[in-house]
Amino acid sequence: MHRQTTAVVAMDGPAGAGKSTVARRVAQAFGFTLLDTGALYRTVALAALRAAVDWADVAAMSRFAEALVARRGVEIEPSEASGMRVRLDGEDVGEAIRTPEISMGASQVSAIPGVRAALLDLQRDFVRLGRARGVVCEGRDIGTVVFPEADLKVFLTASVDARADRRHRELAGKGSDVTFESTRAEVAQRDAQDEGRSIAPLRRAADAALVDSTGLDLDAVVAAIVELVRARLPAAAEGAR
Ligand code: DC
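Numbering of residues starts from 1 in each chain and follows the order in which that chain's sequence is written. pLDDT decides what is reported in this predicted model: residues at 70 or higher carry local features, side-chain atom pairs at 80 or more are listed and counted, and totals for whole chains, interfaces and linings draw on all residues regardless. With hydrogens and water set aside, each side-chain value is computed from the structure's full complement of heavy atoms.

Caption draft 1: Highlighting the pattern of salt bridges. Just to be clear on terms, a salt bridge is a Lys or Arg side-chain nitrogen sitting within 4 Å of an Asp or Glu carboxyl oxygen. Throughout the structure, instances matching the rule amount to 16 salt bridges. Between Glu 91 and Arg 50 there is a salt bridge, and its shortest N-O distance comes to 3.0 Å. Here Glu 91 is found in strand 5 (residues 91–92), whereas its partner Arg 50 is found in helix 2 (residues 37–50), with 41 residues between them in sequence. Using a relative accessible area of 48% as the deciding quantity, one classes Arg 50 as partly exposed. Between Asp 141 and Arg 116 there is a salt bridge, and its shortest N-O distance comes to 2.9 Å. Here Asp 141, found in the loop between strand 6 (134–139) and helix 6 (142–146), pairs with Arg 116, found in helix 5 (residues 113–130); they are 25 residues apart in sequence, far enough to count as distant. In this structure, Asp 141 and Arg 116 share a single accessibility class: buried. Several salt bridges share partner residues, and in doing so they unite Glu 77, Arg 85, Arg 87 and Asp 92 into one network. The helix count covers DSSP runs of H or I at least four residues long, the strand count covers runs of E at least two residues long, and both are numbered beginning at the N terminus. To sort residues, take the accessible area from a 1.4 Å probe on protein chains only and compare it with the maximum for the residue type: under 20% means buried, over 50% means exposed, and anything in between is partly exposed.

This is how it looks when you write it as structure tokens:
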């Protein structure tokens, strides 16, 4: 039997805990590939918006996501610059999926079982067929649903205020004039949606290491997780040298 040799690091946690940046930097530290699963839900939300499919229409969204994936409308590939590139019908949508509107849409469509099912094989195939020495997969349900057998699971969290503050600075840096209050409300609403949904809710896997980034700078968080990878996956980590 062919043995699965790609080491899988599962990184889950709520919005704004620094997960994307940390995952990208941990992947870079070891030459692992990055799988940003939130980008997939965002791309489905963007595609639906463009096709005028209602995010709240469960049956239509399920059919739409299934057809989109079946015709390979969503493609992901490793990228030097950002860690992972996502295309919608050939177009690089890396920027277009990072708006507050698409954040809410992604959170909404990700609660639909048909949408989650449509994206499951895409995520597993990326790891199975990618032949990377290691992959850092970040999302909400990686350690619980997508890769329950992951070699290392990390649950990265932070207080709502710390996460809202980070997201607010990020948006302000891009020239947005949204207020801290509205950013905080949006973070809290996404938490409620992501934790409260009946399918694959955001929760820490029993065997996930808890990392709380409140009050820590991202360098410290990256260093802590790099240590965990070295300790838990010495062979894959060694290959990086
Ligand atoms: O990590 P992110 O902000 O890019 O994720 C966007 C939305 O997608 C988020 O609100 C929840 C959803 N998501 C999910 O349900 N499961 C994942 N594995 C990743 C993201």
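Having seen the structure, we can now continue with the description.
Caption draft 2: Inspection of the packing of helix 1 (residues 19–30) against helix 9 (residues 218–232) at higher detail. Interhelical geometry of helix 1 versus helix 9 gives an angle of 50° and a closest axis separation of 9 Å. Comparing the axis directions of helix 1 and helix 9 gives the class oblique. In the packing of helix 1 onto helix 9, the handedness of the crossing is right-handed. In this structure, helix 1 uses Thr 21, Val 22, Arg 25, Val 26, Ala 29 and Phe 30 to contact helix 9, whose residues at the interface are Leu 218, Asp 219, Val 221, Val 222, Ile 225, Val 226, Val 229 and Arg 230. Under the scheme applied here, ten amino acids are nonpolar (Ala, Val, Leu, Ile, Met, Phe, Trp, Tyr, Cys and Pro), four are charged (Asp, Glu, Lys and Arg), and all others, including Gly, are polar. Across the contact of helix 1 with helix 9, the residue classes break down as 10 nonpolar, one polar and three charged. Axis lines are fitted to C-alpha atoms, over the contacting stretch for helices. Their N-to-C directions set the angle, which ranges from 0 to 180 degrees. Between 65 and 115 degrees an angle is taken as roughly perpendicular, under 35 as roughly parallel, over 145 as roughly antiparallel, and anywhere else as oblique. Should the near helix be turned anticlockwise from the far one by less than a right angle, the crossing is left-handed, and should it be turned clockwise, the crossing is right-handed. Throughout, a contact is declared for two residues whenever any of their heavy atoms are within 4.5 Å.

Caption draft 3: Representation of the sheet that holds strand 4 (residues 83–88) within the structure. Here, any two strands with at least 2 DSSP bridges between them count as paired. Across the sheet, which stays open at both edges, the three strands sit in the order 3-4-5 with antiparallel pairing between neighbours. If you trace the sheet from one side to the other, it starts and ends with strand 3 (74–79) and strand 5, each paired once. Pairing geometry for strand 3 and strand 4, over six bridges, is antiparallel. Across the sheet, the residue bridging to Glu 75 is Arg 87, located in strand 4. Against the sheet, helix 2 engages strand 3, strand 4 and strand 5, with an angle of about 20° to strand 4.

Caption draft 4: Region of the structure containing the side chain of Glu 186. Mapped onto the fold, Glu 186 is located in helix 8 (residues 180–196). In this tally, Lys and Arg are treated as positive and Asp and Glu as negative; His is ignored, and so are the chain termini. Buried Glu 186, no salt bridge; nearest opposite-charge side chain is Arg 190, N-O distance 4.5 Å. Other than its neighbours up to four places away in sequence, Glu 186 contacts Pro 100, Ser 103 and Met 104.

Caption draft 5: Structural view of helix 2. Look at helix 2: 20 Å from first C-alpha to last across 14 residues, which is about the 20 Å you get at 1.5 Å a residue. In terms of burial, helix 2 is a largely internal element, 11 of the 14 residues being buried. Polar contacts, as used here, are pairs of N or O atoms within 3.5 Å; protein pairs need one atom able to donate a hydrogen and one able to accept it. Residues neighboring in sequence count only if both atoms are side-chain atoms. For helix 2, the capping residue at the N-terminal end is Asp 36, with a side-chain oxygen 3.2 Å from the backbone nitrogen of Gly 38. Backbone geometry just downstream of helix 2 places Ala 52 in the positive-phi region, at approximately 60°. Every helix has an expected span of 1.5 Å times one less than the residues it contains.

Caption draft 6: Up close: the packing of helix 4 (residues 100–109) against helix 8. Their axes nearest at 9 Å, the elements helix 4 and helix 8 cross at an angle of 15°. Classified by the angle between their axes, helix 4 and helix 8 sit roughly parallel to one another. Classified by chirality, the crossing of helix 8 by helix 4 is left-handed. For the pair formed by helix 4 and helix 8, the contact residues are Pro 100, Ser 103, Met 104, Ser 107 and Gln 108 on the first element and Glu 186, Gln 189, Arg 190, Gln 193 and Asp 194 on the second. Residue classes in the contact of helix 4 with helix 8 are distributed as two nonpolar, five polar and three charged.

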